[in-house]
Amino acid sequence: MDFSQFDFNQRPFLVIWETTHACDLECIHCRASAEPNPDPNELTHEEGLRVIREVKEMGTPILIFSGGDPLKRKDLPDLIRYAKSLGLRTGAIPAVTPLLTRERIKELKDCGLDQIAFSLDAADQAEHDKFRKVEGVFKRTLESVAIANEYGLAVQINSLINVHNSEQLDELIKLVGNLKIVFWEVFFLVPTGRGKELPLLVAEKFDAAFEKIYALSHHVKFIVKVTEAPHYRKFYFEKEIAKHGISIDSLSLNEIDMPAFLKKSAGPGGSIGHAPQGVNSGKGFIFISHLGEVMPSGFLPIVAGNVREKSLKEIYRNAPLLKELRDPDLLKGRCGICPFRSICGGSRSRAYAVRGDYLEEDDCCSYQPSKLAVKR
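Just so you know, these numbers come straight off a predicted model, no measurement behind them.

Cut-offs used in this document
Residues numbered from 1 in each chain as written. Predicted model: local features only at pLDDT ≥ 70, side-chain atom pairs only at ≥ 80, totals over all residues. Heavy atoms only, no water. Helix = DSSP H or I, 4+ residues; strand = E, 2+ residues; numbered from the N terminus. Contact = heavy atoms within 4.5 Å. Areas by Shrake-Rupley, 256 points an atom, 1.4 Å probe, with all protein chains shown as cover. Salt bridge = Lys/Arg side-chain N within 4 Å of Asp/Glu carboxyl O. Buried < 20%, exposed > 50% of the residue type's maximum accessible area, 1.4 Å probe, protein only. Phe/Tyr/Trp six-rings, centres within 6.5 Å; stacked < 30°, edge-to-face > 60°. Axes fitted to C-alpha atoms, helices over the stretch in contact; angles between N-to-C directions. Parallel < 35°, antiparallel > 145°, perpendicular 65-115°, else oblique. Left-handed = near helix turned anticlockwise from the far one by under 90°. Arc of directions from axis to C-beta. Pairing = 2+ DSSP bridges. pLDDT = per-residue confidence, 0-100.

Draft legend 1. Layout of the overall build of the chain. On a plain count of helices and strands, the chain comes out with 13 helices and ten strands. Sequence separation of 24 or more characterises 72% of the internal contacts of the chain that already satisfy a separation of 6 or more. Just so you have it, the chain exposes about 16,100 Å², and 51% of that area is on carbon and sulfur atoms.

Draft legend 2. Broad picture of the pattern of salt bridges. One pass over the full model with this rule turns up 24 salt bridges. Residues Arg 73 and Glu 42 are paired through a salt bridge, measuring 4.0 Å at the closest nitrogen-oxygen approach. Separated by 31 residues along the polypeptide, Arg 73 in the loop between strand E2 (62-66) and helix H2 (76-85) and Glu 42 in the loop between strand E1 (14-18) and helix H1 (45-58) bring together distant segments of the chain. With respect to burial, Arg 73 and Glu 42 carry one shared label: buried. The partner of Arg 102 in a salt bridge is Glu 150, and the shortest N-O contact between them spans 3.0 Å. Here the residue Arg 102 occupies a position in helix H3 (residues 102-110), and Glu 150 occupies one in helix H5 (residues 137-150), the gap between them amounting to 48 residues. Here the residues in one salt-bridge network are Arg 334, Arg 355, Glu 360, Glu 361 and Asp 363, joined through shared partners.

Draft legend 3. Spatial organisation of the packing of aromatic side chains. Tallied over the full model, the rule gives 14 aromatic pairs. Ring geometry for Phe 188 and Phe 210: centres 5.7 Å apart, planes at 80°, overall edge-to-face. Placement of the pair is Phe 188 in strand E6 (residues 183-188) and Phe 210 in helix H7 (residues 203-217), with a sequence separation of 22 residues. By relative accessible area, Phe 188 is classed as buried at 2%. Given the relative accessible area of 1%, Phe 210 is considered buried. By the ring-pair criterion, three or more aromatic residues cluster together here, those being Phe 188, Phe 206, Phe 210, Tyr 214, Tyr 232, Phe 235 and Tyr 236.

Draft legend 4. Structural view of the packing of H7 against helix H8 (residues 232-242). Remark: H7 packs on H8, axes separated minimally by 11 Å, with the N-to-C direction vectors making an angle of 60°. With respect to H8, the element H7 is oriented oblique. Read as a crossing pair, H7 and H8 show a hand that is right-handed. Facing Asp 207, Phe 210, Glu 211, Ile 213, Tyr 214 and Ser 217 of H7, the residues of H8 in contact are Tyr 232, Phe 235, Tyr 236, Lys 239 and Glu 240.

Draft legend 5. Highlighting H2. Those residues of H2 lying buried are Leu 76, Pro 77, Leu 79, Ile 80 and Ala 83. Considered in projection along H2, the buried side chains sweep an arc of 160° and stay on one side of the axis. For H2, the secondary structure elements touched by its buried residues are E1, H1, E2, strand E3 (89-92) and H3. In the stretch just after H2, Gly 87 is the one whose phi turns positive, near 90°.

Draft legend 6. View of the pairing of E2. Counting buried residues in E2 gives five out of five residues, a clear majority hidden from the surface. Of the two faces of E2, the one holding Ile 62, Ile 64 and Ser 66 and the one holding Leu 63 and Phe 65 are both buried throughout. As paired elements, E1 and E2 share five bridges and run parallel to each other. Within E2, the residue paired with Leu 14 across the bridge is Ile 62. Sheet analysis places E2 next to E3, joined by four bridges and oriented parallel. Paired with Phe 65 across the strands is Ala 92, a residue of E3.

Draft legend 7. Local environment of the pairing of strand E8 (residues 285-288). Burial along E8 is two-sided: the face carrying Phe 285 and Phe 287 and the face carrying Ile 286 and Ile 288 are both buried. Both E1 and E8 contribute to a ladder of four bridges, which runs parallel. Residue pairing in the sheet places Val 15 in a bridge with Ile 286 of E8. In sequence, E8 turns back onto strand E9 (residues 293-295) through a hairpin of four residues, with Gly 292 there showing a positive phi of about 90°.

Draft legend 8. Inspection of unusual backbone geometry at higher detail. Residue Gly 68 is reached from Gly 67 by a cis peptide bond, and omega for that bond is 25°. A positive phi angle is found at Glu 228, which is not glycine, with a value near 60°. Assignment of secondary structure puts Glu 228 in the loop between strand E7 (223-227) and H8. Taking relative accessible area as the criterion, Glu 228 reaches 12% and is therefore assigned buried.

Draft legend 9. Seen up close, the environment of Gly 345. Assignment of secondary structure puts Gly 345 in the loop between helix H12 (333-337) and helix H13 (348-355). Here Gly 345 falls in the buried class, since its relative accessible area comes to 5%. Along the sequence, Gly 345 and Asp 362 sit 17 residues apart, while their C-alpha atoms lie 8.5 Å from each other. Apart from residues lying up to four places away in sequence, Gly 345 is in contact with Asn 280, Leu 331, Cys 335 and Phe 340.

Draft legend 10. Layout of the confidence of the model for the chain. Taken over all residues, the pLDDT of the chain has a mean of 87, while the share at 70 or more is 85%. In this model, residues 265-274 is a region of pLDDT below 50 whose contacts with residues beyond four sequence positions or in other chains number 23 contacts. Contacts for the low-pLDDT stretch residues 372-376, under 50 throughout, to residues beyond four places or in other chains number eleven contacts.

Draft legend 11. Structural detail: the sheet that holds E2. Spatially, E7-E6-E5-E4-E3-E2-E1-E8-E9-E10 is the arrangement adopted by the ten strands of the open sheet, whose pairing is mixed. Single-partner strands in this sheet number two, and they are E7 and strand E10 (305-306). When strand E4 (residues 115-119) meets strand E5 (residues 154-161), the two strands line up parallel, connected through five bridges. If you follow Phe 118 over to E5, its bridge partner there is Ile 157. Against the sheet, helix H6 (residues 169-177) engages E5 and E6, with an angle of about 175° to E5.

Below you can see the structure in the form of structure tokens.
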């Protein structure tokens, strides 16, 4: 599908459904502060089927079953089968606990799951297990990757980059680079949930990580995607035009089609890991909580509506919160005058978590746009 022609005002290209709040891990960065037992008010099986239908009817091609731990839902295989019967591309993000057995991985493959995601947040076993607060989870994660490979189930690795591992990023990159995967999603911390207790990387450390991620993306066969650091798009653009001897300072950004350039300059797999239109919270992406609450992102926990009361399509297209988030001219501070606001826009989730305003600037971006910049 050509996402460059996708109208994000009408539909997101990705929906994540938090199928349950329940999870047996207590990861120190968890946005949801998940607990072992499911909420008795979580969406029922029938409500889940209706949500899946609404995702399809809205024209969204990708649905991710998340949590908590989606394996805590006994109907997960049936939900995946139903989504596949409608032609949706599906992914799941199970927690690496005793529930994730060889048999469960095979079952997920057999019911049609397209991609399974596991988390690796450090190349060192002790450091990763400390982060996940469960001994042995690092070893079981690598074993689960191998089992999924064995069954031909495409594997995605999710990694959080923050103070705890930014200095060991080279080792993590080496580990991930040697795995048989199709996708590496690199998350940058948003201080929400349990993550409020963690220190946040400064902007310059983001740039240092971007350098390493950019270099990796040009020599691996899997897609590298950056999440909650949309200013990587500006970084990528600047690196690409520098190959042609062009600097951003000499460029009239009003005279170049940046989305088209980014698409033309795509990396391995025909993608740099993010749609050239600039996906952000509520803009090309939406999150549905276990209670049916529709939010711009799981990291931006403001409710725009509830699928128990309105259709997903109506909420996505008409909720004032989501319409604001899709209008780059409403952004404030440096983000408001930045010429890259349409393809970047800063992390709306981090702006809300740090500044209490989802339209404010993202403090983790080091770029200083000219005060003379004129809004288009």
